[in-house]
Amino acid sequence: MRTIDDLEVAGARVFVRADLNVPLDGDTITDDGRIRASVPTIAQLRERGARVVVGAHLGRPKGEVKPEYSLRPVAARLGELLGVDVRFATDTAGESARATVATLGDGEVALLENLRFEPGETSKDDAARAELADRLAGLADLYVGDGFGAVHRRHASVADLPARLPHAAGGLVFTELQVLRRLTESPQRPYAVVLGGSKVSDKLGVIDSLLGTADRLLIGGGMVFTFLAAQGHEVGGSLLEADQLDTVRGYLRRAEESGVEIVLPTDIVAADRFAADADHHVVPADAIPADRMGLDIGPESGKLFAAKLADARTAFWNGPMGVFEMEPYAAGTRAVAQGLIDSDAFTVVGGGDSAAAVRTLGFDESAFGHISTGGGASLEYLEGKDLPGITALED
């Protein structure tokens, strides 16, 4: 796979597919982590005299122009981080995009409007994606894939556009792949994996794969209640995927047969409703009252999980342990993050809500070995799936 070091970019129009899908509160960016992660590649191209055309998506506007999903606030923040004016095209691949790109000089940057305002970006129809890819290709001489959070999507700007231009991987994507290969090809052992988040069904493939590669799986978050129910325990009003109970029982059997340790919480923070000010207290994990719902792993579980991480040499974490956005249910996620920091492991935070939790809870990002920008892409890579955006860069 070529990297941007292999491209002659001086004076060239370089289309950078970035991942700038940040959370917004109105026009205010509440977490600029993905923008900051995109800056090094864009800055390097600028310094080498490229005319940088950045394409990205925000949210799921479903092929319609929706002002609440405009990338205009992102253009302003990107400019602040780069220390330059970032020009903003008010469309994706139309008149404004062409005019904006035409005015770029060497070392200058433009950001196109939300790629997903174009129906062809996410279309399942090959011809529709190809039509948009052709228009985007007309804006550039070279392509750099640097939006790792989107590489698992067969979208026009991710999978179709690279075939139309000389292409290479950006620094962010290249680093992500190096880290994930370290997890899949030669992890130092013990290799511990912490999985959380809301649903078991979101992580079926990765659990199946990890039962063959990891030494220890620590399960928390909403998905843990399907594991507890599979063992015959009452879970009250907690999140439960009843249709996955047999699958989870199979995982538990496989883990026992293959010597993979599955660690479940011993206590749970249970509340009478889903709210920060709800009445809540700690209960045994195998005795959740029928009229309560679990919203976090308990304090003893936090200590247990930290102890299970202490001797790990490699650790991967994807998914919070509870509803960390509400302070009463943040302690479990905080305990896991601190346990990773305190271990001697090479630690990888698998993007998405886990990366957001690291920042929200005030941890120093540099205390972790690597924080991924793509939760879904990371999981699919660990499952062994082909990622269309990576395949396109390897051709």
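Numbering of residues begins from 1 in every chain and follows the order in which that chain's sequence is written. pLDDT decides what is reported in this predicted model: residues at 70 or higher carry local features, side-chain atom pairs at 80 or more are listed and counted, and totals for whole chains, interfaces and linings draw on all residues regardless. To obtain the side-chain values, all non-hydrogen atoms of the structure were used and water was disregarded.

**Brief notes about the overall build of the chain**
Then, number 1: Within the chain, the regular secondary structure consists of 15 helices and 17 strands.
Then, number 2: Note that the radius of gyration is over C-alpha atoms, with the globule rule given as 2.2 Å times the number of residues to the power 0.38. The C-alpha atoms of the chain give a radius of gyration of 22 Å, which matches the 21 Å a tight globule of 395 residues would have.
Then, number 3: Over its C-alpha atoms, taken along the principal directions, the chain stretches across nearly 65 × 45 × 40 Å.
Then, number 4: Within the chain, the proportion of its 395 residues that are buried is 57%. In DSSP terms, a helix is any run of H or I states spanning at least four residues, a strand is any run of E spanning at least two, and both are numbered starting from the N terminus. Summary of the burial criterion: residues with accessible area below 20% of their type's maximum are buried, those above 50% are exposed, and those between are partly exposed, where the area comes from a 1.4 Å probe applied to protein chains only.

**What to know about the packing of aromatic side chains**
Then, number 1: Only Phe, Tyr and Trp rings are paired, with Trp represented by its six-membered ring, and only when their centres lie within 6.5 Å; those with planes under 30 degrees apart are stacked, over 60 edge-to-face, the remainder tilted. Scanning all chains against the criterion turns up 1 aromatic pair.
Then, number 2: When the centroid spacing of 6.0 Å and the interplanar angle of 10 degrees are considered together, the rings of phenylalanine 15 and tyrosine 143 count as stacked. Here the residue phenylalanine 15 occupies a position in strand 1 (residues 13-17), and tyrosine 143 occupies one in strand 7 (residues 142-145), the gap between them amounting to 128 residues.
Then, number 3: With a relative accessible area of 2%, tyrosine 143 lands in the buried category.
Then, number 4: Any Lys NZ or Arg CZ that is within 6 Å of a ring centre and within 35 degrees of that ring's normal is treated as a charge sitting over the ring. In this structure, arginine 182 is placed above the aromatic ring of phenylalanine 346, and the distance from its NZ or CZ to the ring centre is 3.6 Å.

**Looking at the environment of valine 358**
Then, number 1: When you line up the elements, valine 358 lands in helix 13 (residues 352-360).
Then, number 2: Separated by 25 residues in the primary sequence, valine 358 and threonine 333 place their C-alpha atoms 8.8 Å from one another.

**Some thoughts on the packing of helix 11 (residues 299-310) against helix 12 (residues 331-342)**
Then, number 1: Put simply, helix 11 and helix 12 touch, their axes get as near as 9 Å, and they point 20 degrees apart. The angle between helix 11 and helix 12 falls in the class roughly parallel. For helix 11 against helix 12, the interelement crossing comes out right-handed. For the pair formed by helix 11 and helix 12, the contact residues are Gly302, Phe305, Ala306 and Leu309 on the first element and Ala335, Val336, Gly339 and Leu340 on the second.
Then, number 2: Polar here means any residue outside two lists: the nonpolar Ala, Val, Leu, Ile, Met, Phe, Trp, Tyr, Cys and Pro, and the charged Asp, Glu, Lys and Arg; Gly therefore counts as polar. Among the residues making up the contact of helix 11 with helix 12, the classes are represented as 6 nonpolar, 2 polar and no charged. Here an angle of 0 to 180 degrees is reported between the N-to-C directions of two axes, which are lines fitted to C-alpha atoms, with helices fitted over the stretch in contact. When an angle is under 35 degrees it counts as roughly parallel; over 145 it counts as roughly antiparallel; between 65 and 115 it counts as roughly perpendicular; any other value is oblique. The sense of a crossing depends on the near helix, which, turned anticlockwise from the far helix by less than a right angle, makes the crossing left-handed and, turned clockwise, makes it right-handed. Only heavy atoms enter the contact rule, under which two residues are in contact if any of them lie within 4.5 Å.

**Digging into the side chain of serine 372**
Then, number 1: Here serine 372 lies in the loop between strand 17 (370-371) and helix 14 (375-383).
Then, number 2: Contact partners of serine 372, with chain neighbours within four places excluded, come to Phe148, Glu176, Val349, Gly350, Gly351, Ala355 and Ser378.

**Considering the sheet that holds strand 10 (residues 216-219)**
Then, number 1: Spatial ordering of the open sheet is given by 11-10-9-15-16-17, a layout of 6 strands whose pairing is parallel. The open sheet has two edge strands, strand 11 (261-263) and strand 17, and neither has a second partner.
Then, number 2: Note: two strands are recorded as paired if DSSP finds a minimum of 2 bridges between them. The pairing of strand 16 (residues 346-349) with strand 17 spans 2 bridges and is classified as parallel. Looking at the pairing, valine 348 lines up with histidine 370 of strand 17.
Then, number 3: Contacts from helix 11 reach strand 9 (191-195), strand 10, strand 11 and strand 15 (314-318) within the one sheet, and its direction differs from that of strand 10 by about 160 degrees.

**Focus: the nonpolar core**
Then, number 1: Definition used in this section: a nonpolar core is a set of buried Ala, Val, Leu, Ile, Met, Phe, Trp, Tyr and Cys residues joined via side-chain atoms within 4.5 Å. Counting 69 residues, the largest nonpolar core has Leu136 and Phe227 as the members making the most contacts within it.
Then, number 2: If we ignore the near neighbours within four places in the chain, the residues touching phenylalanine 227 are Val200, Ile207, Ile219, Val248, Leu252 and Leu264.
Then, number 3: Listed in part, the 31 residues of the second largest apolar core include Val54, Ala56, Leu71 and Leu78.

**Focus: helix 3 (residues 95-102)**
Then, number 1: What helix 3 keeps buried is the set Ala97, Thr100 and Val101. Here the buried residues of helix 3 occupy an arc of 95 degrees about the axis, which is enough to place them on one side. Facing away from the buried side of helix 3, by more than 90 degrees, are the exposed residues Glu95 and Ala102.
Then, number 2: Of the surrounding elements, those touching the buried residues of helix 3 are strand 1, strand 4 (51-55), strand 5 (86-88) and strand 6 (109-111). Think of the arc as the fan of directions from the helix axis to the C-beta atoms.

**Here's the deal with the environment of alanine 357**
Then, number 1: Within the secondary structure, alanine 357 sits in helix 13.
Then, number 2: For alanine 357 and alanine 330, which are 27 residues apart along the polypeptide, the C-alpha to C-alpha distance reads 9.0 Å.
Then, number 3: Contact partners of alanine 357, with chain neighbours within four places excluded, come to Phe324 and Thr333.

**Concerning the pairing of strand 9**
Then, number 1: Burial runs high along strand 9: 5 of the 5 residues are buried.
Then, number 2: Taken together, the 5 bridges between strand 9 and strand 15 define a ladder with parallel strand orientation. Bridge pairing in strand 15 places valine 193 opposite phenylalanine 316.
Then, number 3: Note: strand 9 against strand 10, 4 bridges, orientation parallel. The residue bridging valine 194 from the neighbouring strand is leucine 218, located in strand 10.

**Let's talk about the pattern of salt bridges**
Then, number 1: The salt bridge definition used is simple: a Lys or Arg side-chain nitrogen within 4 Å of an Asp or Glu carboxyl oxygen. Going through the model one piece at a time under the given rule, you end up with 28 salt bridges.
Then, number 2: With a shortest N-O distance of 2.8 Å, aspartate 32 and arginine 36 are connected by a salt bridge.
Then, number 3: For arginine 36, a relative accessible area of 33% corresponds to the partly exposed category.
Then, number 4: For glutamate 394, the salt bridge goes to arginine 181, with nearest N and O atoms at 3.9 Å. Of the two residues, glutamate 394 sits in helix 15 (residues 388-394) while arginine 181 sits in helix 7 (residues 171-185), which places them 213 residues apart along the sequence.
Then, number 5: Residue arginine 181 is classed as partly exposed on the basis of its relative accessible area of 31%.

**Some points on unusual backbone geometry**
Then, number 1: A cis amide bond links arginine 189 with the next residue in sequence, proline 190, at an omega value of 5 degrees.
Then, number 2: Positionally, proline 190 belongs in the loop between helix 7 and strand 9.
Then, number 3: Positioned with a positive phi, lysine 62 is a non-glycine residue whose angle comes to about 60 degrees.
Then, number 4: With respect to the helices, strands and loops of the structure, lysine 62 is situated in the loop between strand 4 and helix 2 (72-82).

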